[in-house]
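Observations on the three-dimensional arrangement
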Amino acid sequence: MRYFIYISVFTFLLFSACRKTINVKLPEYTEKLVVEASIETGQPATVLLSVTAPYFGNVDLSDPTKFFVKGAFVTVSDGSNTDTLKELFPAEGYIYLGSTVIGQVGKTYNLTIHYNGKSYSATTSIRSPIALDSIYAKYEKDSLTFCWGHLTDPAGLGDCYRWFAKRQGDQSFAAPFNSSFDDKFVDGKSFDFGYERPPQPGKQEEYDHEPDVSRGYYRVGDTVVVKFCTIGYNEYLFWRSYYANKASNGNPFAAPSNLQNTIQGDASIGAFCGYSPSFDTLVIKPKP
Amino acid sequence: MKSNACRFGIAGEMIDFTIDAAVNLIKSTTNLLLLSFLKNLRVIFIFSLLSGFTAMAQNFTISGYVKDSRNGESAIGANVYVKELMKGASTNVYGFYSLTLPAGTYTLQCSYVGFQTFSKVIELNKNLSEQISLLPEETTLNEVEVVSEKTDQNVQSTQMSSVQLDVAQIKKLPAFMGEVDILKTIQLIPGVKSAGDGNTGFYVRGGGPDQNLILLDEATIYNASHLMGFFSIFNGDAIKNVNLIKGGMPSQYGGRLSSVLDVSMKEGNSQKFQVDGGIGIIASRLTIQGPIKKDKASFIISARRTYADVIAKPFMKHTDFAGTSYYFYDLNAKLNYQINDKNRLFLSAYFGRDIFKYNNDGFTAKIPWGNATACLRWNHLFNAKLFSNLSVVYSKYDFSFTAAQDNFELTLFSGIKDWNVKYDVNYFPNTRHNVKVGVNYIFHTFTPSNVSAKQGEVKFDIGRVIRLYSHDAAIYVSDDWEVTDRIKVNAGLRFGYFAQVGPFTRYKKNDFGKTIDTVVYAPGKKVADYNGLEPRLSFRYSLSRTLSLKASYTRNFQYIHLASISSVSLPTDVWMPCTELIKPQIGNQYAFGVFKNFNHDMFESSVEVYYKDMKNQIDYKEGAEPQDNVFDNPDNAFTYGKGWAYGAEFFLKKRTGKFTGWIGYTLSWTWRQFDAINYGKKYLAKYDRRHDASVVITYDHNKKWNFGLIWVYGTGNRGTLPSALFAYEGSVSNDYGLRNSYKFPDYHRLDLSVTYTPDREKQIEKKRARITRRYERRGKDMSNINLPKWWAKNYQSSWTLSIFNAYNRYNPYFIYFDTSGDFLSGTFTVKAKQVSLFPVLPTITWNFKF
């Protein structure tokens, strides 16, 4: 018996890797403009502008406002009207909001940004919404559940989707990991799919500190609102690459992948995404 | 090479200039040597015809097989020569030799490392058949006595850039986890780089892992690794000989750009029944071999299986790993039958599988993968000068992955299957020529990754199973020709033809990935075809018996590609044939070398320089997903580029004596350039390694004890790490820097081993003494002392202690950034972490034989 214990300890040693913190000398870093732009049915355009930060430079990462972009000239046009976006907090920059051009199904929008003597642009459209047939809870544990949806995909390839959700009381809608998919595998089919509860934007740390057993679940008593959006193919490719980028850190088997940006312009990252949402609400009841 | 103009200022330019000059020197010297040879070809040809003609009138042939006297195994590459003329040949892969000489009385000699030199006086006045049986060299033999007046292969053959290893030698070296592994030994040779810690993948002179032709008894092995590459599929007990060719491949080998690894299985002991086995820390082995009919037919069966899963099971019962199990096994079998003096049959087979199972909380996964090969060979001797071989080979590699949760099930599978027929004729007209002519035809069936998925009764539309079919044919000829006593040439030509045929559906895509057209090809209809001429030329010029210069030029076509999403060789990698989008890989290699033996051939040394270019390399486009080929073709996700590599290799080997082993050093550069990667700029390949060194030593102290040591050092791999971060939707994403712009920390490691073989005779003596004493005490009749049956057997055992990574170096396997906190709330922190796989690992293995 003792022999077996030795061997199992040994096997464990074999497959447990050794980790240590090291100093890395990273390749040179070029600052890039990061554009997070969207327009949604019934809403004006929102554009968040920042610049990339070096991982191990002599830069203090504890003050994110240093990387916010102030004083950029941002416009969104629907072909006939042009809306000049205004900074929500002119002292900080970062958030630029539109007011006159409001998202409408079927329209195409052009985004232009002038900053530091350079120009950037992107185009997106708002497609027809495709609503979920229903949403429901599927209990993983007695009082905990993921949120599931039933969707009938219209025939014809090229439908792309993105899922957002929030609980009553949450500040904003948030998208879970791999929240975007297309209909390559499911064209014209009826099927079910589920997502975990995502962290609120900027609240990753809080989310990580939740107890393991309930992290990612909805509880009995939660009211969940799902915003299910149709998006364009290029926007879908962008979100797919966004999640691949997240998954590639620390994975020795994944190829490093940068984002498939829809923003045109030198040294820039990001996309302009048109969302066509439909909403569903679910109150999580005790397991029958 | 202008593009080398460089960023490091004047010093950098000097380095680049020197490299450019050196590369040009390699090319021009090689060309010059080959050119001067071609210019004189006419003169030489007439001369040799005349000499051949004049000699023809009174020539006779002596031919036969060279064998190991202990077990009847044929000796590959043994030197057979006549002392008086210093003329000879080496045995082919079946142990056959043929010498055609003027009539006379000669001393026929045969030498082979590890064996006593065979010597016999022969009267050559008619065609003779001489079977040579070699006696093993005594280990106690005085070092100075190992002198044979033979022509040495290393210096005298035209083949350069090649290494032949004997498995008996490999077994004395430290082994990772106690598993003797020929691929890991291959990685210790200059010009061959390992993929990383404990990995069996190898990269030859800047070539990719798919550019190595790995043959096990003529059957192509498509994935030579177990357990993500930690072990190779070659079970040391079933393997006899390993030959690696890094450059100047003879024309009978084709289909790969960078190297040929020719592995021969043992034939099975034709003298007596024998059982070998071993119990190691992770696996056990058992080999049974013996004669079916003495000197006529023999067999060998060898099996190996890991048992970590069996041992670990009770301990994982109540843990998260309860449903996890992993194991692999190998089976090798070979039969050989000598029908008569002129005909011989070999049937060899290999079957190996890795099986990984996972079952937890309703989620199950099963991932089996492996190779299967079978090969039937027929050696036929038309006459003493004309040897032929017909091979029919089947080889297959497949991978599948099935995952299920609730009522959802997903299966992913891929693979490759070959039917292969090869016919070779080997003609030995006289001692100056060795002519080989052959044809080869392969029918490939490729299954690039396919997916099937269902949820309850709803089957997802994954499209039809995609299979790609192709014909792969070649014809080749070569002559190893001793033009004068100083000049020897191996001139060869290979012509290859490759065609992809239907059934096949091509999905044409626009820039947005939408299908704009589909083209359907009927079964057997040609989709695309390619062909090419591959000249091979090797040249040797002897300055003396122990010193020669060699040059070679090789052009290779490779019609199949391995598409790998990660830089580690994984079972999920997909083999793809040439299609109308994927062009054949084309490689040109120029090599030049100086070869010198010292101290009566006790030491072998060489310095080689090489330059290699590779066209039509493939890689995935940035951000492409490999399994994504629904209503799509896998090649739509590829991008095309080129590669080039150059370097110098230094090798010093001590072949005989108590201390044996080698020291190797390589200085090299490896570049890649793809339109759609790294903004089209050239970049260093992941396995670019400026410095690579290895020291390999075995020391046979006496019959009881022997020791082994391996030390390796290599410049760190290249990798791509994020250079900057940014917040997007409130969480941190990475902005990666230029491709492979980060150099990992250097790799180095020391392995040690000790083998203890108890002296059987002494043990028997002791036992006999004990029994004698007992008989004495009891006053029994002493004239008839019988040992128990077990002791009478010819039984042998040994213990090997291997220490992997003896000084516990933390070599980098990968590096990741460990982040915590939120960027937007200013609590974000990041640390770079290095993950190393193996600390110091001692293992003990018990081997037995009877």
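Conventions we followed
Residues numbered from 1 in each chain as written. Chains lettered and ligands numbered in written order. Predicted model: local features only at pLDDT ≥ 70, side-chain atom pairs only at ≥ 80, totals over all residues. Helix = DSSP H or I, 4+ residues; strand = E, 2+ residues; numbered from the N terminus. Buried ≥ 20, exposed ≤ 12 C-beta atoms within 10 Å, placed from the backbone. Expected span 1.5 Å × (residues − 1). Pairing = 2+ DSSP bridges. Axes fitted to C-alpha atoms, helices over the stretch in contact; angles between N-to-C directions. Domains from an automatic or database assignment. Contact = placed C-beta atoms within 7 Å. pLDDT = per-residue confidence, 0-100.

This paragraph deals with the overall build of chain A. The secondary structure content of chain A amounts to three helices and 18 strands. Projected onto the principal axes, the alpha-carbon positions of chain A cover approximately 80 × 55 × 35 Å. Taking all 288 residues of chain A together, the buried fraction comes to 35%.

With 16 residues, helix H3 (residues 233–248) of chain A should cover 22 Å at 1.5 Å per step; its first-to-last C-alpha distance of 22 Å lies within 8% of that length. Counting buried residues along H3(A), twelve of its 16 residues qualify, which places the element largely inside the surrounding structure.

Here the focus is unusual backbone geometry. Residue and element names in this part refer to chain B. Look at the link from glycine 502 to proline 503: it is a cis peptide, with omega at 5 degrees. Its location among the elements puts proline 503 in the loop between strand S29 (487–501) and strand S30 (504–509). Unusually for a residue other than glycine, aspartate 295 sits at a positive phi of about 65 degrees. On the secondary structure map, aspartate 295 appears in the loop between strand S19 (283–293) and strand S20 (297–306). By C-beta crowding, aspartate 295 is classed as exposed, having 12 other C-beta atoms within 10 Å. Even without glycine at this site, asparagine 740 takes up a positive phi of about 55 degrees.

Attention now moves to the sheet that holds strand S2 (residues 79–82) of chain B. All names here are of chain B. Across the sheet, which stays open at both edges, the four strands sit in the order S3-S2-S5-S6 with antiparallel pairing between neighbours. One side of each edge strand has no neighbouring strand; the edge strands of this open sheet are strand S3 (87–90) and strand S6 (118–124). Going across the sheet, the axis of each strand differs from the next one's by a mean of 20 degrees, ignoring polarity. In the sheet, strand S5 (residues 104–111) pairs with S6 via seven bridges, with the strands oriented antiparallel. Across the sheet, the residue bridging to threonine 107 is valine 121, located in S6.

Now for the sheet that holds strand S5 (residues 73–77) of chain A. Residues and elements named next belong to chain A. The antiparallel open sheet is built from four strands, whose spatial order is S6-S5-S9-S10. Where the open sheet ends on each side, the last strands, each with one partner, are strand S6 (82–84) and strand S10 (118–125). Across the sheet, the mean angle from the axis of one strand to that of its neighbour is 20 degrees, orientation sign disregarded. For S5 and strand S9 (residues 108–115), the ladder comprises five bridges, and the chain directions are antiparallel. Residue pairing across strands places serine 77 opposite asparagine 110, the latter belonging to S9.

As a further point, take the domain arrangement of chain B. All names here are of chain B. Per the domain assignment, the segments of chain B are domain 1 (40–151), domain 2 (162–245) and domain 3 (259–751). Taken together, the contact between domain 1 and domain 3 spans 29 residues of the former and 26 residues of the latter. Of all the secondary structure elements, the ones that give two or more residues to the side of domain 1 that touches domain 3 are helix H2 (41–56), strand S1 (59–68), S3 and strand S4 (96–102).

Moving on, we get to the confidence of the model for chain A. Across chain A, the average pLDDT comes to 86, with 91% of residues at or above 70. Per-residue pLDDT, averaged within each element of chain A, yields its smallest value for helix H1 (residues 2–15) of chain A (42) and its largest for S9(A) (96).

Residues and elements named next belong to chain B. If you trace the backbone, phenylalanine 60 turns up in strand S1. With 16 C-beta atoms counted inside 10 Å, the residue phenylalanine 60 sits in the partly exposed group. Along the backbone, phenylalanine 60 and valine 393 are 333 residues apart, and their C-alpha atoms lie at a distance of 36 Å. In contact with phenylalanine 60, not counting residues within four places along its chain, are Leu101, Ala103, Leu124, Asn125, Lys126 and Asn127.

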